[in-house]
Amino acid sequence: MENAGAPQKQLFDARAALLLAALLGGNIALATGPWLVRLADTGPVSAGFWRLFLALPFLVLFARMSGQRLGGMPRKTMVLVALGATAFALDLASWHIGIGLTRLGNATLFGNAGSIILLFSGFVMARMLPRGFEWLAIVCALTGAAILLGRSLEISTSTFLGDLFCLAAGLLYAIYLITLQGERARFGSWSLLVWVSVFACPVLLALALALGEPVWPTDWTPILILFVSSQLIGQGLLVYSLGHFPPLIIGLALLTQPAVAALIGYSVFSEVLTPLDLLGMVLVGSALVVARAAQTSSPQRELGSQAQASEQSK
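Not measured: the values here are computed from a predicted model. (Residues numbered from 1 in each chain as written. Predicted model: local features only at pLDDT ≥ 70, side-chain atom pairs only at ≥ 80, totals over all residues. Heavy atoms only, no water.)

Asks: Whenever I open this one, the nonpolar core confuses me. Can you help?
Replies: In globular proteins that are soluble, nonpolar side chains generally tend to be buried together. Counting 71 residues, the largest nonpolar core has L52, F88, W95, Y176, V196 and L204 as the members making the most contacts within it. Residue contributions to this core peak at ten residues, all from helix α3 (residues 44–65). Grouped together as the second largest cluster of nonpolar side chains are eight residues, L19, L30, L238 and I250 included. (Core = buried A, V, L, I, M, F, W, Y, C linked by side-chain atoms within 4.5 Å. Buried < 20%, exposed > 50% of the residue type's maximum accessible area, 1.4 Å probe, protein only. Helix = DSSP H or I, 4+ residues; strand = E, 2+ residues; numbered from the N terminus.)

Asks: Looking at this structure, I do not really get helix α7 (residues 133–155). What am I missing?
Replies: Because the α-helix completes a turn every 3.6 residues, residues three or four places apart line up on one side. Its 23 residues give α7 an end-to-end C-alpha distance of 33 Å, which sits within 8% of 33 Å, the value for a rise of 1.5 Å per residue. Taken together, the buried positions of α7 are occupied by E134, A137, I138, C140, A141, G144, A145, I147, L148, L149, R151 and S152. (Expected span 1.5 Å × (residues − 1).)

Asks: Can you help me understand the packing of aromatic side chains in this one?
Replies: What characterises a pair of aromatic rings is the spacing of the ring centres plus the angle enclosed by the ring planes. Enumeration according to the criterion identifies twelve aromatic pairs in this entry. On the numbers, 5.1 Å between centres and 65 degrees between planes, the contact of F49 with W50 is edge-to-face. With respect to class, F49 is no different from W50; both count as buried. Considering the side-chain rings of W195 and F199, the 6.4 Å spacing of their centres and the 40 degrees angle between planes classify their relative orientation as tilted. One end of the pair, W195, and the other, F199, are both in helix α10 (residues 189–210), four residues apart, so they sit about a helical turn from each other. According to the relative accessible area criterion, W195 is partly exposed, its value standing at 25%. Note on F199: relative accessible area 29%, which makes it partly exposed. Of the aromatic side chains, those joined through ring pairs into one cluster are F49, W50, F53, W216 and W220. (Phe/Tyr/Trp six-rings, centres within 6.5 Å; stacked < 30°, edge-to-face > 60°.)

Structure below.
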């Protein structure tokens, strides 16, 4: 009996290891995004446009392979998609602008602050106060953000402004998730992301042109790697793995993003982090983990499930 059960146990362990590797690999792929945005010789908003536009045919293919329908959405859904896509386009534009101004570690942490904002919004919507570790997440988030913002202001006003752009991106991303939370469960993540990209691309292109950015790259390499690593590999691996892990594990895995981004910032752009910077990052990272873990309990359960299905878009 023991010998008969051994292959099953080995198969399960191998599958679990594969899922964990996909979860970590997806986060690492996304962590390279800010580096590639800086390397692109287009403007930062233009890089966001190409990131979505080039991935669009592949998103259609993924939706088809998953059996998710692309047509037949009611008018109300299309209006919500248009509103959510606008928030997503502004999120991506704000984040990409912030990446060029602040440190990569800060940009990645603040850009992923949507989970914490969802935690706050859940309490507001439910008209109830936080409990237990939820208070800890709030204290850690506010304290860590204050430390990182203060340190950025010591470096330069431009770096501080970059942090604010990335924080605004986190807020806009939370708005995007809240706007489409019901529709995502009805139509599927890939199908909805196709339509979000269809509506978001013109917004990003118009914004890039309004800002006077160069849109057509002279070197396509960073742009191509950006869309492949962020929109295809990062999203694909996370869509494959997210449903198999509890929010706490997802939150812990998410911390690989600022860690990898900070390492790239140090090795490529000589962005040195002081002990105070590290303390701020640890506090904000802890808040992200607690916010993810809190998604299993009311009033965060529904928003939490949507965040798990959607956070890969960053």
